[in-house]
Amino acid sequence: MFDVNNWPWWAVLGYLVIDITVRVVSIIVVPRNRRPTSAMAWLLAIFLIPVVGVLLFLLIGNPKLPRARRRKQEQVNEYIAEAASHLNFGSLRPNAPEWFPPLVAMNQHLGALPLSGGNEAHLISEYQQSLDDMADAMRAAEHYVHVEFYILQSDASTDNFFRAMEEVAARGIPVRVLLDYWANRWKPKYRETLKRLDAMGADWHLMLPVQPLRGRIQRPDLRNHRKLLVVDGSVGFLGSQNVTDSSYNLPKNIKRGLHWVDLMVRVKGPVVASLNAVFLSDYYAETDRVPDAGELTRVEHGAGELGCQIVPSGPGFEVENNLRLFLALLYAAKERIMIVSPYFVPDEALLLAVTAAVDRGVQVELFVSEEGDQAVVYHAQRSYYEALLRAGIRIWMYPKPYILHTKSLTIDDQVAVIGSSNMDMRSFGLNMEVSMLVRGEEFVDEVRVVEDEYRSLSRELTLEEWDRQPLRSTVLDNLARLTSALQ
């Protein structure tokens, strides 16, 4: 321990000047353009543990991508907005509720992508089936295959998926692949996966790599969390599932018997062009080139009647697009809200929105996992259960050893959102996500079937049970809640 009493007067004075300067500068710099809870958490860290707090803030204190990267997103948005103004995105579904057009306009203003009509969308709730369905779609490719997944691993479960890519590439059709750097770099199967991509001749790239020697530097805990596949601009897939075994091949998961439960959506129609635009924008951000500008303006019309809008979000945008979408929908609900989110760590606005819905007489249910795979997030989520239960929200616990990884939101019987975004502060501020807004009772009915299945397998958490939790759990939950605000 340092004994300040033995320091010379000039050292003590210097220490005090530096300490006061750091605190004053922190008060000026930290709260700027930051949520109050996040600003307060950072200030507490800097004031209580100055050296560690300052170092952490310098390392992960900026939740945005570098300015050059954000400028690329702005350029893509400008191009999409210009191209979309001259394209036919199908006939929109009539008789929309009065709140729906302003919501769509907000999404397009923030993410550039329009609402399209005439789409088909169907859920795939079985894990292996979704991998095999995507493989079947790729085998029918005639022009290109675009693969973008947070985690991409070649293993026994995904072998058919990879064989489909290999067969397409062998026919001379471009296979372009994006995978997140940090999510894959130290995972099992990483080197084998890259070797297989190289061997097939895929045009693959790591997303958000931290490679200082190559001039690629950004906050190291930013992630591209998107999961999507586009084939020829005619069929697309998106949702919550990664391309990996349901155990993620991690020894700790295998030891605990953990398996992931996910939901994917197969889409056809004009919305596929929007999904492809998300892939091309990420491809451009990582490579500084676009494969074929014509792919952004190719729109195929489907036989369905669904209104669909793709909503990209993340640190490449100036605001939290997904959070604004969720808030608008929660306040629009009149009858019921169903939320499925493995990581539900709301900020003040989201917590107020879901509890205020109950006060309006709206039925609100939340589906989460009984067991968590990430300790800090798991305990941070638990810290909100008491407030949710006392507000009258029903909480369903999906049984272990399964991790309910689906991310969905349904409002009344009219609108659903499916995608990669959790309802937590990481997904709102640090992850690049993609969600799809869908209007149409027939699609909501499909989601309801899945929700009913989840409910039948889950047990309901009651306030009486929650009140019996031990003190140590409460302490862990509250500590995790504090750290979740550090963004």
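The paragraphs below set out a description of the structure included in this document.

Definitions and limits used
Residues numbered from 1 in each chain as written. Predicted model: local features only at pLDDT ≥ 70, side-chain atom pairs only at ≥ 80, totals over all residues. Heavy atoms only, no water. Helix = DSSP H or I, 4+ residues; strand = E, 2+ residues; numbered from the N terminus. Contact = heavy atoms within 4.5 Å. Areas by Shrake-Rupley, 256 points an atom, 1.4 Å probe, with all protein chains shown as cover. Core = buried A, V, L, I, M, F, W, Y, C linked by side-chain atoms within 4.5 Å. Buried < 20%, exposed > 50% of the residue type's maximum accessible area, 1.4 Å probe, protein only. Expected span 1.5 Å × (residues − 1). Phe/Tyr/Trp six-rings, centres within 6.5 Å; stacked < 30°, edge-to-face > 60°. Lys NZ or Arg CZ within 6 Å of the ring centre and 35° of its normal. Polar contact = N/O pair within 3.5 Å; in protein donor to acceptor, adjacent residues only side chain to side chain. Patch = residues over 30% accessible without salt bridge, like charges linked within 9 Å, V, L, I, M, F, W, Y side chains within 5 Å. Salt bridge = Lys/Arg side-chain N within 4 Å of Asp/Glu carboxyl O. Axes fitted to C-alpha atoms, helices over the stretch in contact; angles between N-to-C directions. Parallel < 35°, antiparallel > 145°, perpendicular 65-115°, else oblique. Nonpolar A, V, L, I, M, F, W, Y, C, P; charged D, E, K, R; others polar.

Further remarks concern the overall build of the chain. When helices and strands are counted, the chain shows 19 helices and 20 strands. For the chain, the share of sequence-separated contacts (at least 6 apart) that also reach a separation of at least 24 residues comes to 82%. Element-wise, carbon and sulfur atoms account for 58% of the exposed surface of the chain, whose accessible area totals about 20900 Å².

Before going further, it helps to examine the nonpolar core. Residues Leu329, Ile337, Ile339, Leu388, Leu409 and Leu437 are the most contacted members of the largest nonpolar core, which totals 49 residues. With 7 residues, helix α12 (residues 321-332) is the single largest residue contributor to this core. Excluding anything up to four places from it in sequence, Leu437 contacts Phe100, Leu103, Val104, Asn107, Gly307, Cys308, Gln309, Leu325, Leu329, Val415, Ala416 and Val417. With 44 residues, the next largest nonpolar core counts Ala121, Ala277, Leu280 and Val434 among its residues.

This part takes up α12. An ideal rise of 1.5 Å per residue puts 16 Å on 12 residues; α12 measures up with 17 Å between its terminal C-alpha atoms. Of all 12 residues making up α12, 9 are buried, and the element is well covered by its neighbours. The set of residues buried in α12 consists of Asn321, Asn322, Leu323, Leu325, Phe326, Leu327, Leu329, Leu330 and Ala332.

What the rule picks out here adds up to 12 aromatic pairs. Linked through ring pairs, Phe149, Phe161 and Phe162 together constitute an aromatic cluster. The ring of Trp186 has Arg185 sitting right over it, with the charged end atom 5.2 Å from the ring centre. Its end group placed over the ring of Phe100, Arg439 keeps NZ or CZ at 5.8 Å from the ring centre.

On the secondary structure map, Ser157 appears in the loop between β2 (145-149) and α7 (159-170). Separated by 2.6 Å, the side chains of Ser157 and Asp245 make a polar contact. When neighbours within four sequence positions are excluded, Ser157 is seen to be in contact with Gln128, Leu131 and Asp245.

A word on a nonpolar patch on the surface. Together, Trp9, Trp10, Leu13 and Val17 make up a nonpolar patch on the protein surface, roughly 520 Å² of accessible area in all. When you line up the elements, Val17 lands in helix α1 (residues 9-29). Judged by its relative accessible area of 46%, Val17 is partly exposed.

Turning next to the packing of α7 against helix α9 (residues 190-200). Where α7 contacts α9, the two axes come as close as 9 Å, and the packing angle between them is 25°. The angle between α7 and α9 falls in the class roughly parallel. Two secondary-structure elements touch here, α7 through Asp159, Phe162, Arg163, Met165, Glu166 and Ala169 and α9 through Thr193, Arg196, Leu197 and Met200. When the residues that make up the contact of α7 with α9 are grouped by side-chain class, the tally is 5 nonpolar, 1 polar and 4 charged.

What follows is about helix α11 (residues 271-287). Its 17 residues give α11 an end-to-end C-alpha distance of 24 Å, which sits within 8% of 24 Å, the value for a rise of 1.5 Å per residue. Here α11 lies mainly inside the structure; 17 of its 17 residues are buried. Looking one or two residues beyond α11, the residue adopting positive phi is Asp288, at roughly 65°.

On inspection of all chains with the given rule, the structure shows 24 salt bridges. Arg455 serves as the salt-bridge partner of Asp452, at 2.8 Å between the closest nitrogen and oxygen. With Asp452 and Arg455 both in helix α17 (residues 441-457) and 3 residues apart, the pair spans about one turn of that helix. The exposure class of Asp452 is partly exposed, given its relative accessible area of 43%.

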